[in-house]
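If you want the building blocks of each chain, they are given just below.
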Amino acid sequence: MNDMQETTPLSAQQAQMLSQLVDGLSGEQLAWVRGFLAGINHSVRQAGAPTGVAASAAPAAPLLTILYGSQTGHAQEVAEHAKARAVAAGFKVDLFAMGDYKASRLKNDKLLLVAVSTQGEGEPPDDARDFYDFLHGAKAPQLDGTRFAVLGLGDSSYEKFCQAGKDFDARLAALGAQRLVPRMDSDVDYDAPAERWIEDTLQALASVAAPAAPGKTAGVPEGFSLAALASGIAPASASASSPYSRKQPFDATVIENVTLSGRGSSKEVHHIELSLEGSGLTYEPGDALGVVAQNDAALVDTLIDTLALDPQATTTTQDSTLSLRDAFLRAYDITTLSRAFLEKYAALAESSELKALLGAGNETALREYLNGRDVIDVVRQFPARKVKAAEFVGTLRTLQPRLYSIASSLAANPGAVHITVGAVRYDSHGRARRGVASTYLADIAREGQTVPVYIEANRNFKLPRDSHAPVIMIGPGTGIAPFRAFVEERQALDAPGKNWLFFGDRNFRTDFLYQREWQRYVKDGALTKIDLAFSRDTEDKIYVQHRMREQGKELYAWLQEGAHLYVCGDADQMARDVNAALVDIVTEHGGLTPDAAAEYVKTLQREKRYQRDVY
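Here we summarise the structure given alongside this text. These numbers come from a predicted model, not from an experiment.

### Some remarks on the overall build of the chain
The helix and strand inventory of the chain stands at 23 helices and 21 strands. Burial statistics for the chain: of 615 residues in total, 50% are counted as buried. Long-range pairs, those at least 24 residues apart, make up 76% of the contacts in the chain with a sequence separation of at least 6. When the accessible surface of the chain is split by element, carbon and sulfur atoms take 49% of a total near 28,700 Å².

Below you can see the structure in the form of structure tokens.
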């Protein structure tokens, strides 16, 4: 620090701030920052502006507040890009995760942008729940004079598509705020809609709040786009530690693919190890591996035959021109049914029956129809006459990568990444069904083959910075994956903190995933406690939440010691039951009322001591 002060033109305070910033960054993040600053420097020089212009010389900029609610990081990514664009346009910007935003300032924030994802059945992200509840409660202020815009991120295969965004938009308007632009709902292909939303919002902002010296602020170089940010590409003239990302995945060689489930198991779970050598990709425990999978070739051929199309006919995707067969293999989702697809296909097929199913009052029937069916089922039941390839492609959405919780520590496995994959296979409506990515990995990702992958950082699921802090991990089934990484990491770094694992599955004999490793960790002392729940081994089904209740006194004592608690797995049932058990444990052993216990649990979430990776 002293050396930097002796050689830098920065003030002591600026130097300290810079040092604090870079201390917490990974190598990949530092490379991105270097590229970001290089791009700014390039754009300023191109504009002929001196690099040392004092901030005080610019007129006061309007204050814009940007809030994001993000579970996997996509809404945060959009919000950060919106900030960069707004700063470059001359606005002063405050950016907050909703969990870090002080609701008391809401009445004074007159320019407000909101980017929020939806999880589960219409729920806001965990980190956004407090602000969501405040906004919809009696203490929310009137917002007359506030201008706002909302971007919702979601998945149209869910019934309550972008519901959190819709709720925020409606409530802000009900409190008297005025929309800058109409709410935009973006599907899994969110890059282009988010870019349009940012552009439209900035234009609307310029008409109600004149920015300071538009285009001259040292913010972001021209050409810096959300697509570039999403793909991990730094601004022009910048370099990065790894060129590989969601848009440009790395072909990782399969080192090992072994079946974890024992003979006779009702499940098929694989442990897959992939090489990252030469990629420059890095990760932390809690992050996810994005897998760019392909559709099943037999399913693709069946769909093309059913539509009576030429497999070699060319079609243009967002990125390239491909044969129809290749496009169906790699570019388009031909398995996930959504209302959006049915609406487009109903018009193409001119099917009155399908249009009736989509009509008001038939929500239950539509929900039942969507369950367990895919695109082929629809085109067979409602054939379209002489459909053209381009017309049909227009009904489909892009095939999205699948995310898998990383099951390894980079400190323990340099140059490699491990994942735990449950292969999805089932029969429905007279046909055998296969999970797109899970069976691609189980059947095709064999030793020596390559799999296109990238790293998806999960900022909301991280080990405590304090290596002495106790850790409680609750992960039934393949939800065990990130906790294997957690324990590997803590052991590799000699972290002195205690570790407690709750694991559950169907049968002890066939479904105790990574059994020998956990037994070794207990013997070595890396795992302080382990509690197991195998639901099919007893007459009364036992789940992880039951083991939590049995160990409630000690679990509460760990929390009082400062333990961090993590949950990974099914959001609909398991995560709800675990949360209910946690509240009950705090009620009983903390001597609190149920309402006070619920507030205790919420405080754990606010302090980042209760984190969930649920799906």
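### Regarding helix α21 (residues 552-560)
Buried residues of α21: Gly552, Leu555, Tyr556, Trp558 and Leu559, and no others. Axial view of α21: buried residues confined to an arc of 155°, hence all on one face. Of the residues in α21, the exposed ones pointing more than 90 degrees away from the buried face are Lys553 and Gln560. One or two residues past the end of α21 sits Gly562, with phi positive at roughly 105°.

### Some points on the pattern of salt bridges
Scanning the model with the defined rule gives 41 salt bridges in all. Between Arg105 and Asp109 there is a salt bridge, with the nearest N and O atoms lying 2.8 Å from each other. Exposure remark for Arg105: the relative accessible area of 21% places this residue in the partly exposed category. Asp109 sits in the buried class, given a relative accessible area of 4%. Here Arg431 and Asp377 are joined by a salt bridge, their closest N and O atoms 3.0 Å apart.

### A short note on the side chain of Ser117
On the secondary structure map, Ser117 appears in strand β3 (residues 111-117). Given the relative accessible area of 13%, Ser117 is considered buried. Residue contacts for Ser117: discarding those within four places in its chain leaves Gly69, Ser70, Gln71, Ala75, Glu123, Pro124, Pro125, Leu153 and Ala164.

### A word on unusual backbone geometry
Notably, Cys162 is not glycine yet its phi reads approximately 55°, a positive angle. Inspection of the secondary structure puts Cys162 in the loop between β4 (147-153) and α6 (163-174). Overall, the relative accessible area of 1% leaves Cys162 in the buried class. Of note in the backbone geometry, Ala308 takes a positive phi value of approximately 55° without being a glycine. Mapped onto the elements of the fold, Ala308 is located in the loop between α9 (297-307) and β10 (314-316).

### A few points about the packing of aromatic side chains
Taken as a whole and judged by the stated rule, the model has 25 aromatic pairs. On the numbers, 5.4 Å between centres and 90° between planes, the contact of Tyr101 with Phe131 is edge-to-face. Of this pair, Tyr101 sits in the loop between β2 (92-97) and β3 while Phe131 sits in helix α5 (residues 129-135), and the two are 30 residues apart along the sequence. Note on accessibility: Tyr101 and Phe131 belong to one class, buried.

### Describing the packing of helix α4 (residues 74-88) against helix α7 (residues 191-208)
Between α4 and α7, whose axes approach to 10 Å, the crossing angle comes to 35°. By crossing handedness, the relation of α4 to α7 is classed as right-handed. Contacts from Glu77, Val78, His81, Ala82, Arg85 and Ala86 in α4 reach Asp191, Ala194, Glu195, Trp197, Ile198, Glu199 and Leu202 in α7. In the contact of α4 with α7, the residues fall into 7 nonpolar, 1 polar and 5 charged.

### Comments concerning the sheet that holds strand β21 (residues 610-614)
Here 5 strands make up an open sheet; going across it, the order is β19-β18-β17-β20-β21 and the pairing parallel. Where the open sheet ends on each side, the last strands, each with one partner, are β19 (529-534) and β21. The sheet shows a mean angle of 10° between the axes of neighbouring strands, taken without regard to direction. Where strand β20 (residues 564-569) lies against β21, 5 bridges are found, and the strand directions are parallel. Looking across to β21, one finds that Gly569 is bridged to Val614.

### What about the environment of Ala445?
Looking at the secondary structure, you find Ala445 in the loop between α16 (436-444) and β16 (450-456). Along the backbone, Ala445 and Ile272 are 173 residues apart, and their C-alpha atoms lie at a distance of 8.3 Å. Ignoring anything within four residues of it in the chain, the contact list for Ala445 reads Val254, Asn257, Tyr440 and Val451.

### Regarding the pairing of β20
With 6 of 6 residues buried, β20 is to be regarded as a mostly interior element. The alternating pattern of β20 places His564, Tyr566 and Cys568 on one face and Leu565, Val567 and Gly569 on the opposite face, and all of these are buried. Strand direction decides the pairing type here: strand β17 (residues 471-474) and β20, joined by 4 bridges, are parallel. Residue pairing across strands places Val471 opposite His564, the latter belonging to β20.

### Brief notes about the nonpolar core
Membership of the largest hydrophobic core comes to 37 residues, with the highest contact counts inside it found for Leu303, Phe328, Phe341, Leu342, Tyr345, Val378 and Phe392. Mapped onto this core, the elements with two or more residues apiece are α9, α10 (324-330), α11 (339-349), α12 (352-357), α13 (363-370), α14 (375-381) and α15 (389-393). If we skip the residues at most four places from it in the chain, Phe341 touches Val375, Val378, Phe392, Thr395 and Leu396. Membership of the second largest hydrophobic core comes to 28 residues, among which are Ile66, Val93, Leu180 and Val181.

### Overview of the environment of Lys529
Tracing the backbone shows Lys529 in strand β19. Between the alpha carbons of Lys529 and Trp500 there is a distance of 4.6 Å; along the sequence they are 29 residues apart.

### So, the sheet that holds strand β8 (residues 269-275)
By definition, the strands of a sheet pair up through backbone hydrogen bonds, in either a parallel or an antiparallel sense. Taken together, the 6 strands give an open sheet; going across it, the order is β12-β9-β16-β7-β8-β13, and neighbouring strands pair in antiparallel fashion. Sheet topology places β12 (402-405) and β13 (416-422) at the edges, where each strand pairs with a single neighbour. Shown here is a sheet whose adjacent strand axes are inclined to one another by a mean of 40°, direction ignored. Sheet topology note: the β8/β13 ladder contains 7 bridges and is antiparallel. Following the sheet pairing, Val269 is matched in β13 by Gly422. Those strands touched by α16 are β7 (250-259), β8, β9 (288-291), β12, β13 and β16, and its axis lies near 65° from that of β12.

Parameters at a glance
- Residues numbered from 1 in each chain as written.
- Predicted model: local features only at pLDDT ≥ 70, side-chain atom pairs only at ≥ 80, totals over all residues.
- Heavy atoms only, no water.
- Helix = DSSP H or I, 4+ residues; strand = E, 2+ residues; numbered from the N terminus.
- Buried < 20%, exposed > 50% of the residue type's maximum accessible area, 1.4 Å probe, protein only.
- Contact = heavy atoms within 4.5 Å.
- Areas by Shrake-Rupley, 256 points an atom, 1.4 Å probe, with all protein chains shown as cover.
- Arc of directions from axis to C-beta.
- Salt bridge = Lys/Arg side-chain N within 4 Å of Asp/Glu carboxyl O.
- Phe/Tyr/Trp six-rings, centres within 6.5 Å; stacked < 30°, edge-to-face > 60°.
- Axes fitted to C-alpha atoms, helices over the stretch in contact; angles between N-to-C directions.
- Left-handed = near helix turned anticlockwise from the far one by under 90°.
- Nonpolar A, V, L, I, M, F, W, Y, C, P; charged D, E, K, R; others polar.
- Pairing = 2+ DSSP bridges.
- Core = buried A, V, L, I, M, F, W, Y, C linked by side-chain atoms within 4.5 Å.

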